[in-house]
Amino acid sequence: MMEGLKNMLVMIELELRRLRHDRTEIYTRAVQPILWIVIYGSVMSSVKAIPTGGVPYTDFITPGVMIQTTTFVSIFYGLTIVWERESGILKKLLVTPASRYSMVIGRSMASGVRAIFQALIIFPIAVLIGVKFVPNPAYFILAFTVIFFASGGFAAISILVASFMKTRERFMGIGQAITMPLFFASNALYPIKMMPPILREFSTFNPLSYVVDAVRGLLITGDLSNLLMDLLAIAIFDAALFILASISFRRIIE
Amino acid sequence: MDFAVQVKNLVKVYDGKVRALNGVDLNVNPGEAFALLGPNGAGKTTLIRILTTQLKPTAGEAYVFGLNVIHDGGKVRKLVSYVPQEMSVWTDISGYENLLIYAKIFGVPKLEREKVIDEALENMGLTHVKNDLVKTYSGGMIRRLEIACAMLIKPKIMFLDEPTIGLDPAARKVVWERLNVFKKEYGVTIFFNTHYMDEADLYADEIAIINQGKIVTRGKSEELKHSLGGEIIEFTLEKTAHKPDLVQNIQKLNFVKGVFEDGNLSVLVGDAESTLPDLMNFLKSEGASVEKVSIIKPTLDDVFLKYVGTQFEEKGRVSDVRHMRDMIRKG
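For clarity, every value in this text was computed on a predicted model and none was experimentally measured.

Draft legend 1. Region of the structure containing the interface of chain B and chain A. On the side of chain A, 19 residues touch chain B, which itself brings 23 residues to the contact. Contributing elements (two or more residues each) for the side of chain B that touches chain A: helix H2 (73-79), strand E6 (80-83) and helix H3 (95-105) of chain B. Examining the composition of the side of chain B that touches chain A, we find that four residues originate from one element, H3 of chain B, more than from any other. The class makeup of the residues in the side of chain B that touches chain A is 11 nonpolar, six polar and six charged.

As structure tokens, then:
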């Protein structure tokens, strides 16, 4: 157990070292969410067509857009895994004494670290265009903890997918096919109650909705009535995917 | 005492079709450098991947220091280090950082870490570039970094899949000298695949040749060469008269295995050095005077060609070819 935890920290350290050498991806990936908030957000808020429970529309979508970006980062983390499979890195890692599950969870949480940086970079821009955050550091820290763990779960999805889709091209396709429905069938851009009934059903099983709900409550509305339920949903999501990804990880090099 | 590697009737069939290993039997003694030679697609990499617990065999058994690679995989992984054929380091961090990450994964204690890493870098001649990003390294430097990774722990056995691919002859020599020292100092068994015959000849204590998923022969390099039947002494004779039945007379000598004349006189013997003086004396007594002598000894290439044949491999995996080309290009 201790050894597993240690290996996870090593994987996180690896990710931090990579980030230290090259942060370009963080910057380029920040362009899209900034456009969502700055352009889409301000246009839609002037329409006032979406009931947001009293908060300005830009404020409403800021957590959603943050989570969308971090989810994308995590889902496409699998590309790194596919690359490591094509090179010999995964083979070598799997011949070390480190356990499979510590590799999977470690790599997933490493992607969580990347996600935190990705979310942080959007933060000052949002403040600049006037998004009002709940002025509570504890809420802020908790929100980013939620992002960290949720991203870990999404990265585990990507590892799971990577163990089936062993080439980059296939992975790119399936990555898009996963992220876009997750995003649009969630409460990131509009409240769930606005959705058609079928989509609403789907949204109940969409982990992204719970993450957005928790982060929106913590950062924007200060409404924590659903928080416990959200955290529970995220915990179940993480646990389930860590297990599934660990089981399938071995087939990745076969 | 347990063998370092013991393989019994190992079979591996990929996807129910491709028979990569077809009943391999093999024992490797601890502390030896063992070379596995074979054409592309012969099953060399598959065997290494089974021994390093990456793949499950279809049938048969394999042990590393007495541990079953299927049932005791976790224990096996504590004893081995492995360099895959493909590139296996992160290119977006420095060489030092790569070693640091692996040292941590291998559980090298904190106090020893720096020393162990410095030693590995020094051994592979990478100290001066240790803080550079690996993507700025040449192919040869990357290969040396990978071998340095495998030297971080003092494994009981190293599995090296084409360890010197992409290295120039000078780097190959240095790498092997370091590996040899490492082997002697820590009693490490080295199990490697290679395409370079001279490498197996020079550095392997024992050699096995694998073809179409089966071990076709094994032994020490000298034994394998001797098994080809002997060495050839080639005489260029002066054009003066010698007895007409010279060839028949040489044939009668008891240490001569065969003679033929095609302008030069070629004599097949068991051991060229010890029989040469007698032959020279005999030729003199027959009235022949020798202008030039050369000794042709069988090489490991000849051994390889005898057991594997000269045909091209029938099919390989495209990915193998790509990796090979990549490695060579980077070198």
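Continuing now.
Draft legend 2. Quick peek at unusual backbone geometry. All names here are of chain B. Even without being a glycine, asparagine 9 presents a positive backbone phi close to 45°. Tracing the backbone shows asparagine 9 in strand E1 (residues 5-14). With phi around 45°, phenylalanine 65 is a residue other than glycine that occupies positive phi space. Looking at the secondary structure, you find phenylalanine 65 in the loop between strand E4 (59-64) and strand E5 (67-68). With 19 C-beta atoms counted inside 10 Å, the residue phenylalanine 65 sits in the partly exposed group.

Draft legend 3. The sheet that holds E5 of chain B, seen in detail. Residue and element names in this part refer to chain B. Pairing within the open sheet is antiparallel, and its four strands lie in the order E2-E1-E4-E5. Sheet topology places strand E2 (18-28) and E5 at the edges, where each strand pairs with a single neighbour. Pairing analysis gives five bridges linking E1 to E4, with the strands arranged antiparallel. Across the sheet, the residue bridging to valine 11 is alanine 59, located in E4.

Draft legend 4. Just the pairing of strand E11 (residues 231-237) of chain B, in detail. Residue and element names in this part refer to chain B. The pairing of E11 with strand E13 (residues 264-269) spans five bridges and is classified as antiparallel. Within the sheet, the bridge partner assigned to glutamate 231 lies in E13 and is valine 269. In this structure, E11 lies alongside strand E14 (residues 290-296), joined through six bridges in antiparallel fashion. The residue bridging leucine 237 from the neighbouring strand is valine 290, located in E14.

Draft legend 5. Summary view of the environment of glutamate 273 of chain B. Residues and elements named next belong to chain B. For glutamate 273, the location among the structural elements is in helix H10 (residues 272-285). Using a count of 11 C-beta atoms within 10 Å as the deciding quantity, one classes glutamate 273 as exposed. Expressed as a C-alpha distance, the spacing of glutamate 273 and isoleucine 296, which sit 23 residues apart in the sequence, is 11 Å.

Draft legend 6. Main features of the nonpolar core. The biggest cluster of nonpolar side chains holds 153 residues, and the ones touching the most others in it are Val215 of chain A together with Leu99, Leu145 and Ala148 of chain B. At 13 residues, the largest contribution of residues to this core is made by helix H7 (residues 137-162) of chain A. Ignoring sequence-local partners within four residues, the contact set of valine 215 of chain A consists of Pro63, Met66, Ile67, Ala143, Val146 and Ile147 of chain A. In terms of nonpolar packing, the next biggest core, distinct from the first, is built from 10 residues, Ile250, Val256, Val267 and Val269 of chain B among them.

Draft legend 7. Looking closely at helix H4 (residues 110-123) of chain B. Residues and elements named next belong to chain B. Taking 1.5 Å as the rise per residue, H4 with 14 residues should run 20 Å; its terminal C-alpha atoms sit 20 Å apart, in good agreement. Among the residues of H4, Ile117, Ala120, Leu121 and Asn123 are the ones counted as buried. Mapping the buried residues of H4 onto a view down its axis gives an arc of 155°, with all of them on the same face. Counted as exposed and oriented over 90 degrees from the buried face of H4: Leu111, Glu112 and Lys115. Two residues or fewer past H4, glycine 125 is found with a positive phi of approximately 60°.

Parameters at a glance
- Residues numbered from 1 in each chain as written.
- Chains lettered and ligands numbered in written order.
- Predicted model: local features only at pLDDT ≥ 70, side-chain atom pairs only at ≥ 80, totals over all residues.
- Contact = placed C-beta atoms within 7 Å.
- Helix = DSSP H or I, 4+ residues; strand = E, 2+ residues; numbered from the N terminus.
- Nonpolar A, V, L, I, M, F, W, Y, C, P; charged D, E, K, R; others polar.
- Buried ≥ 20, exposed ≤ 12 C-beta atoms within 10 Å, placed from the backbone.
- Pairing = 2+ DSSP bridges.
- Core = buried A, V, L, I, M, F, W, Y, C linked by C-beta atoms within 7 Å.
- Expected span 1.5 Å × (residues − 1).
- Arc of directions from axis to C-beta.

These values are about where atoms sit, not about what they do.
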